[in-house]
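Breakdown of the fold
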Amino acid sequence: KNNKMAVVVVRKQVFLTLFVLIFCVSASENDFNLHIVKNTEAKCLDGTLGGYYLRPGKGDDASKFKIHLCGGGWCNSPTDCSYRAKSNLGSSSFWPPVANTDTKDYPKQWNIGLYGLLGNDTQNLYANWTSVFIMYCDGSSFTSYREQPMNVSGAQLWFRGRTILDSVIQDLKDSQGFSQASEVILSGTSAGGMATYVHAELFRTTLPSTVPFVAMPDAGFWPDTTDYTGKLKMRSYVQAGVETWNTSTFGVGNTACMEHYGSADSWHCYFPQYLMPFIQTPVFVVNSMYDPAQYGIILGFPCPRLSTCNPEQFAFATAYRTRFIGIISDALKTHPRGLGATGFYATSCNQHEETCRQADFEGIKIQDTSMMNAFQHWYLAQKQHTLINNTNVYIDVPWKDAHSPSNPTCNSQNHGAC
């Protein structure tokens with residue numbers, strides 16, 4: 001039975017590869033084309049191979065790379081992961097060969113968030129950079145590794161998230177010019193934002209020390225803190241994940257953190273507040289202080305949309321905002337290169353993820369400064385080594401009540417899966 005299933009997986013992969021080859025021939029300049037990794041060990045949960053979308057850069061900026069780690073939550077048990085394996089977050093068989101940002105000509109393309117930082121609109125300061133969108137199909141923020149598959153309800157389940165990430169990096173170096181990269185921005189959203197913290201050092205150490213490299217995690221600061229009932233919900237979730245993913249000794253890209261905490265406490269290395277002292281990479285944190293995904297996953301909060309909160313619940317959300325700002329601010333103080341190597345853009349938008357849509361990345365403003373311009377100011381300082389403390393922090397004003405958003409530049413429209 002397992003042999004038959006293996007044949008099905010191989011046939012799916014061959015069909016997808018042929019599709020990619022056919023569609024790449026007629027690619028437009030707006031296309032992100034799918035690239036399946038060459039390493040046959042880099043398997044998604046269902047056994048298909050991992051991969052990434054890429055749009056080549058232009059002119060002098062072609063050697064500069066924007067690399068984004070896709071988000072999409074986690075699965076922390078074999079049963080949970082078996083359901084995920086049947087979706088685009090667990091199998092590359094669902095991924096289209098071309099992801100096009102031109103919705104006028106390609107209105108039915110899969111809705112991937114390839115705008116914002118990754119966009120190529122005329123206002124984008126990084127429009128001509130080579131853009132890479134690393135797909136997510138392992139459920140572990142690219143950390144899992146088990147040599148042998150698990151058998152769950154008669155189906156094989158693979159845990160190879162770290163292998164996928166290593167293979168994508170190698171493929172980018174071998175085939176896409178990444179080995180000659182002149183500048184690199186690593187970003188990620190949600191579970192991909194967590195992965196940006198977790199794997200920033202893995203990327204940094206693959207590049208010469210002379211190459212400017214920074215990280216911009218978005219909605220990825222998942223804190224280890226008590227929930228609405230006083231329990232450490234997220235900690236328990238990650239601890240269960242570490243066991244399922246088999247990452248107590250290998251998988252997390254920050255080896256210094258893993259060595260510090262050891263296998264028994266390796267779960268610490270998924271939380272940015274504990275990771276920060278071991279991240280040499282300059283980090284620009286983007287996060288909403290009213291993130292509805294955090295309300296559900298971390299806090300077990302009954303009203304993720306603030307407009308539905310009663311006064312008591314809104315008071316909790318207001319208090320959590322203060323607590324969350326404190327957790328991030330304290331973490332940034334532990335960065336080994338000092339506060340000057342960090343930035344913090346804390347919005348009051350009641351939304352999850354804010355860098356993958358033009359209206360957010362270029363439109364949201366704090367202190368009359370857009371996210372893009374705040375990041376650019378900070379990034380240039382990193383390149384020029386003019387690190388100034390306390391000038392890279394943008395904290396939005398809080399909501400007055402559940403029906404009074406404080407920032408009119410926030411926009412709750414769909415931004416696609418990013």
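See the structure printed just above.
Right, let's walk through the structure included here. (Residues numbered from 1 in each chain as written. Predicted model: local features only at pLDDT ≥ 70, side-chain atom pairs only at ≥ 80, totals over all residues. Heavy atoms only, no water.)

Points about the packing of aromatic side chains
A complete count under the given rule lists 27 aromatic pairs for this structure. Each ring, one from Phe221 and one from Phe324, has its centre 6.1 Å from the other, and the planes form 65°; the classification is edge-to-face. Of the two residues, Phe221 sits in the loop between β9 (213-218) and α5 (233-245) while Phe324 sits in helix α9 (residues 311-332), which places them 103 residues apart along the sequence. Overall, Phe221 belongs to the buried group, its relative accessible area being 0%. Taking the relative accessible area as the measure of exposure, Phe324 reaches 0% and is therefore buried. Residues Trp267 and Phe271 carry aromatic rings whose centres are separated by 6.1 Å and whose planes lie at 85° to one another, so their mutual orientation is edge-to-face. What makes Trp267 buried here is its relative accessible area of 8%. Taken together, the aromatic side chains of Tyr126, Trp129, Phe284, Phe375, Trp378 and Tyr379 make up a single cluster linked through ring pairs. (Phe/Tyr/Trp six-rings, centres within 6.5 Å; stacked < 30°, edge-to-face > 60°. Helix = DSSP H or I, 4+ residues; strand = E, 2+ residues; numbered from the N terminus. Buried < 20%, exposed > 50% of the residue type's maximum accessible area, 1.4 Å probe, protein only.)

Considering α5
Taking 1.5 Å per residue, 13 residues should reach 18 Å; α5 reaches 18 Å between its end C-alpha atoms and fits that length. Every buried residue of α5 is accounted for by Met234, Val238, Gly241, Val242, Thr244 and Trp245. Taken around the axis of α5, the buried residues stretch over an arc of 165°, which confines them to a single face. The inward-facing, buried residues of α5 contact α2 (78-84), β6 (150-152), α4 (191-204) and α8 (292-297). Asn246 occupies a position one or two residues after α5 and carries a positive phi of about 65°. (Expected span 1.5 Å × (residues − 1). Arc of directions from axis to C-beta. Contact = heavy atoms within 4.5 Å.)

Observations regarding the side chain of Asp46
Tracing the backbone shows Asp46 in the loop between β1 (31-36) and β2 (51-55). Residue classification places Asp46 among the buried positions, given a relative accessible area of 15%. A polar contact of 2.5 Å, which involves the side chain of Asp46, links it to the side chain of Ser91. (Polar contact = N/O pair within 3.5 Å; in protein donor to acceptor, adjacent residues only side chain to side chain.)

Some details on the state of the cysteines
Throughout the structure, instances matching the rule amount to six disulfides. Disulfide partner of Cys257: Cys269, at an S-S distance of 2.2 Å. Every disulfide takes its handedness from the sign of the S-S torsion; for Cys257 and Cys269 that torsion is -100°, giving left-handed. With Cys257 in helix α6 (residues 255-261) and Cys269 in the loop between α6 and α7 (272-275), the pair connects residues that are 12 residues apart, well separated along the chain. Given the relative accessible area of 0%, Cys269 is considered buried. With its sulfur 2.0 Å from that of its partner, Cys303 forms a disulfide with Cys309. (Disulfide = S-S within 2.5 Å.)

Some points on the pattern of salt bridges
Applying the stated rule across the entire model yields 10 salt bridges. Between Lys64 and Glu183 there is a salt bridge, with the nearest N and O atoms lying 3.6 Å from each other. Here Glu183 lies in strand β8 (residues 183-189) and Lys64 lies in strand β3 (residues 64-69), a separation of 119 residues in the sequence. Here Lys64 falls in the buried class, since its relative accessible area comes to 19%. Linking Arg162 and Asp166 is a salt bridge whose minimum nitrogen-to-oxygen distance equals 3.0 Å. Note that Arg162 and Asp166 are positioned in helix α3 (residues 161-175) at a spacing of four residues, about one turn of the helix. What makes Asp166 partly exposed here is its relative accessible area of 30%. (Salt bridge = Lys/Arg side-chain N within 4 Å of Asp/Glu carboxyl O.)

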